[in-house]
Number of protein chains: 2
Amino acid sequence: MELFYSAHFQGNNCYLEGDEALHCTRVLRHKIGDTIYIMDGQGSLYECVLTEISRGEAKAEIINATPGWGAHSYNLTLAVCPTKNNERFEWFVEKAVELGVDRIVPLIGDHSERKVYKTDRAKRIALSAAKQSLKAAIPDIAEPVSVRDFIRSSANGLRMIAYCFDGERPRLSVKEALASATPAAPQGASGIITPGVQQDASEISTPGIMQEHGALPDITILIGPEGDFSPEEAALALEAGFLPIHLGPSRLRTETAALAAVTAVYLHFLQ
Amino acid sequence: MELFYSAHFQGNNCYLEGDEALHCTRVLRHKIGDTIYIMDGQGSLYECVLTEISRGEAKAEIINATPGWGAHSYNLTLAVCPTKNNERFEWFVEKAVELGVDRIVPLIGDHSERKVYKTDRAKRIALSAAKQSLKAAIPDIAEPVSVRDFIRSSANGLRMIAYCFDGERPRLSVKEALASATPAAPQGASGIITPGVQQDASEISTPGIMQEHGALPDITILIGPEGDFSPEEAALALEAGFLPIHLGPSRLRTETAALAAVTAVYLHFLQ
C-alpha cells in the first residue's frame, strides 16, 4: 500500500503538490480515475480518486476518511540530546516513528557536543517513516530547546529521566515506571483508535496531538547526550517531578537508549 | 573505560596484536606499567598490566579475571534475513549487540532480495559494539544459511517466528510469548552472571555461549526479509515447533522488527 501526503484540503478535494504529485503521477504513473490513499499528517487517512493531473499538481476527490489511522493508545514525547554524529540521531527518528512516537524534542544539554540542531532533515525522515510504516500522523519534530527550558516547560503526565545517579538514588526500570500507565482508548490490531477529547492539555502537547489522540496517557522520557545530563540538570528534573529511571544493565549509546525507551512504551501498550 | 580485545592468551599473559596493540600503545599512548582491561570475546574481562611493548604487539600480565562480564541471563539467537540495504542490517547488528544478543544468523529466504551475505563487516561491527557497550563476549555472527536449513537445524528452547499469517492463525505477541521464559542465573546491576553448566546443548548454541552462559533459557526468533517469509517457510517453521508471534500493530522494517524483538527480550529479563 502506497501512501501520499497532503496538507492541502479544500471541501471534498485534496491536492498533491511537489514531490508527492510527481511521485504519484510520474513515478507510479497513476492516472485519472485511480484510487489513491492520502494522509494529512494529522492522523487521518483519505481514500481518494484522482480527478485532475496538471503540471506539478494532482487533484483527488475524497471518497472515505479514517481518523486515527495507524495511531497508538498513548501520547509519547521523547526529549533527546542529538548525537554528535547526526546520522545516529536521524536513524533514531526513523525507528521511533516506525514504532510509534508523537513528539521528538531535540535537547541541548550542558554536556551536549552538539549545541545546534537543524530540524529540516529530521522532519523529512519523520514524514517518510510515517508513510512507510502506515501511520497517518507525522510526529512533531520540535525546535531544539535547552534541557533546563524543556524541564521547566514540561507539565503533567508520566515523566521520566534516564540518568545514572551512581546508586545514590533508587531508580525504577523503565518497565516498572510504565506499570502505572494504562491505555485510554481501545486499540485494535490495526492500531486504529477512537478519537476522544483531550482532558489534560499539557504544555508540551501540540494541538495536532491533542485532537488526534484524545485523552491518552501523556508519557515523556528524557535521554541525555553522550556525556549524560549534568548533575544540575538531573537535579532540576527531579525537583520538577521527573521519575528517575534506568534502561537496564547494558551501556547504551544515546540513540540506542532513546529507541529502547520508545520500544519499552510500545511493548507496554501491546494488546 | 577503554576495552581491548585479545584472542591470544598464554599462561598468565595476554597479547594485544594488530590494531588493538596500535590503538593501545600509539593512539591512547599506554606505557609499560599501565593498567588496561582486555576482553577475550568469550565473556571474560581481564585486568592487566602492560609489561612489554614491541612493534605491533603489546604484552600484558593478567592481574584479575572476571568471567561473564557484561553478560545477560538468557541465550538469544536472532535469525534475520539481511536487508537489501546492507547498512540497515549492520545498524541492527550494532544495536542488537549493545542491548544483548548471543548469536545473529543471516538467513536467506525464498523472498530475500539479498541471496549472498558476507559476514566480515558485521563481525567487526559486533566486536566494536561489544567493546563500546562493555560486554566481554562478542556475539557470534554465523555464516548465512537458508531459512529451511536453519529451521531444520534448530533444536530446543523457546523458538518464535514473526510472520503475518493474515489472521488465519492466532498469534501471541512477542511479549506474551516471552512470559514463559525465566532467567536461570541471578543478574546484578553490573550485568555479571554466575557461570553455570549448560544442560540443554541445543545445536544452535556455540561452545563459547555454552561455557559462558550456563543453563540459560535458549530463545530463538526468526525475522523475515522485506518480502516476508514464503508460506512454505512459515509452515515449515510451525511444523518444527516455532511459535507464531506478532510484534504489534506497527508495520516495521526488517531491521526494526529484529531490534524490537531483541529489545523485547532485553526488557523481559530486566531485573
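This one's a predicted model, so the numbers in the text were calculated from it and none came from an experiment.

A. Local environment of the environment of Ala215(B). All names here are of chain B. The residue Ala215 is located in the loop between α6 (207-213) and β13 (218-223) in this model. The exposure class assigned to Ala215 is partly exposed, which follows from its relative accessible area of 30%. C-alpha separation for the pair Ala215 and Tyr5, spaced 210 residues apart in sequence, amounts to 26 Å.

B. Seen up close, the interface of chain A and chain B. The partner chain B presents 38 residues to the 38 residues of chain A that form the contact. Counting each side, the surface lost to burial between chain A and chain B is near 3000 Å², with a carbon and sulfur contribution of 52%. Taken together, the links from chain A to chain B amount to eight salt bridges. Residue Glu94(A) is joined to Arg88(B) by a salt bridge in which the shortest nitrogen-to-oxygen separation is 2.7 Å. The set of elements that each furnish at least two residues to the side of chain A that touches chain B consists of α2 (86-99), α3 (120-132), α5 (174-178) and α8 (254-268) of chain A. In terms of residues, the side of chain A that touches chain B owes the most to one element, α8(A), which gives nine residues. Classifying every residue of the side of chain A that touches chain B by side-chain character gives 15 nonpolar, 13 polar and ten charged.

C. Structural detail: the sheet that holds strand β4 (residues 35-39) of chain A. All names here are of chain A. The six strands lie next to each other as β1-β4-β5-β6-β3-β2, forming an open sheet whose pairing is mixed. In this open sheet, the two strands that pair with only one neighbour each are β1 (3-5) and β2 (8-10). Between one strand axis and the next, the sheet turns by 40° as a mean value, whatever way the strands run. One ladder, built from three bridges, connects β1 with β4; its direction is parallel. What sits directly across from Phe4, in β4, is Ile38. Helix α1 (residues 18-27) contacts β1, β3 (13-17), β4, β5 (45-54) and β6 (57-66) of the sheet and is inclined by roughly 95° relative to β3.

D. Representation of the side chain of His72(B) within the structure. You can see His72(B) is positioned in the loop between β6 (57-66) and β7 (75-80). A distance of 2.9 Å separates polar atoms of two side chains, one belonging to His72(B) and the other to Asp102(B).

E. Representation of the state of the cysteines in the model. Residue and element names in this part refer to chain B. Here the structure, examined in full by the defined rule, presents zero disulfides over all chains. Summary of cysteine pairing: Cys24 is not part of a disulfide, and the nearest cysteine sulfur, belonging to Cys48, is at 10.0 Å. The thiol sulfur of Cys48 is not disulfide-bonded, and the nearest other cysteine sulfur, from Cys14, lies at 5.0 Å. Overall, Cys48 belongs to the buried group, its relative accessible area being 0%.

F. Spotlight on the relation of the copies chain A and chain B. Taken as rigid bodies, chain A and chain B are interconverted by a rotation of 180° and an axial shift of 0.0 Å, the fit giving an RMSD of 0.0 Å. One copy is carried onto the other by what is essentially a two-fold rotation axis. A symmetric contact is evident, with 100% of the interface residues of chain A recurring at the interface of chain B.

G. Looking closely at the sheet that holds strand β1 (residues 3-5) of chain B. Residues and elements named next belong to chain B. Ordered in space as β1-β4-β5-β6-β3-β2, the six strands form an open sheet in which the pairing is mixed. Edge strands, defined here as strands with exactly one partner in the open sheet, are β1 and β2 (8-10). The mean inter-strand angle of the sheet, taken between neighbouring strand axes irrespective of direction, is 40°. Set on the sheet, helix α1 (residues 18-27) makes contact with β1, β3 (13-17), β4 (35-39), β5 (45-54) and β6; between it and β3 the angle comes to about 95°.

H. Spatial organisation of the environment of Ile223(A). Residues and elements named next belong to chain A. Turning to its location among the elements, Ile223 is positioned in strand β13 (residues 218-223). For Ile223, a relative accessible area of 3% translates into the label buried. Spatially, the C-alpha atoms of Ile223 and Met160 are 9.0 Å apart, while their sequence positions differ by 63 residues. When residues no more than four places from it in sequence are discounted, the contact partners of Ile223 are Leu78, Ala79, Val80, Cys81, Ala162, Phe229, Leu247, Thr254, Ala257, Ala258 and Ala261.

I. Representation of unusual backbone geometry in the model. The phi angle at Arg29(A) is positive, at roughly 55°, despite the residue not being glycine. In this fold, Arg29(A) is placed in the loop between α1 and β4. What makes Arg29(A) exposed here is its relative accessible area of 59%. Residues other than glycine seldom take positive phi values, yet Asp228(B) does so here, at roughly 65°. Overall, Asp228(B) belongs to the partly exposed group, its relative accessible area being 23%.

J. Representation of the pattern of salt bridges within the structure. Going through the model one piece at a time under the given rule, you end up with 32 salt bridges over all chains. Measuring nitrogen to oxygen at the nearest pair gives 3.8 Å for the salt bridge that ties Arg253(A) to Glu98(B). Taken together, the residues Arg253(A) in the loop between β14 (243-246) and α8 and Glu98(B) in helix α2 (residues 86-99) connect one chain to another. Relative accessible area serves as the criterion here: at 26%, Arg253(A) is assigned to the partly exposed category. Under the relative-accessibility criterion, Glu98(B) is labelled buried at 0%. Here Arg88(B) makes a salt bridge to Glu255(B), at a shortest N to O gap of 2.5 Å. Of this pair, Arg88(B) sits in helix α2 while Glu255(B) is found in helix α8 (residues 254-268), placing the two residues 167 residues apart along the sequence. Taking the relative accessible area as the measure of exposure, Glu255(B) reaches 2% and is therefore buried. Through salt bridges with shared partners, one network takes in Arg88(A), Arg253(A), Glu255(A), Glu94(B), Lys95(B) and Glu98(B).

Reading guide: rules and limits
Residues numbered from 1 in each chain as written. Chains lettered and ligands numbered in written order. Predicted model: local features only at pLDDT ≥ 70, side-chain atom pairs only at ≥ 80, totals over all residues. Heavy atoms only, no water. Helix = DSSP H or I, 4+ residues; strand = E, 2+ residues; numbered from the N terminus. Buried < 20%, exposed > 50% of the residue type's maximum accessible area, 1.4 Å probe, protein only. Contact = heavy atoms within 4.5 Å. Buried area = accessible area lost by both parts, 1.4 Å probe. Salt bridge = Lys/Arg side-chain N within 4 Å of Asp/Glu carboxyl O. Nonpolar A, V, L, I, M, F, W, Y, C, P; charged D, E, K, R; others polar. Pairing = 2+ DSSP bridges. Axes fitted to C-alpha atoms, helices over the stretch in contact; angles between N-to-C directions. Polar contact = N/O pair within 3.5 Å; in protein donor to acceptor, adjacent residues only side chain to side chain. Disulfide = S-S within 2.5 Å. Least-squares fit on C-alpha atoms with pLDDT ≥ 70 in both.

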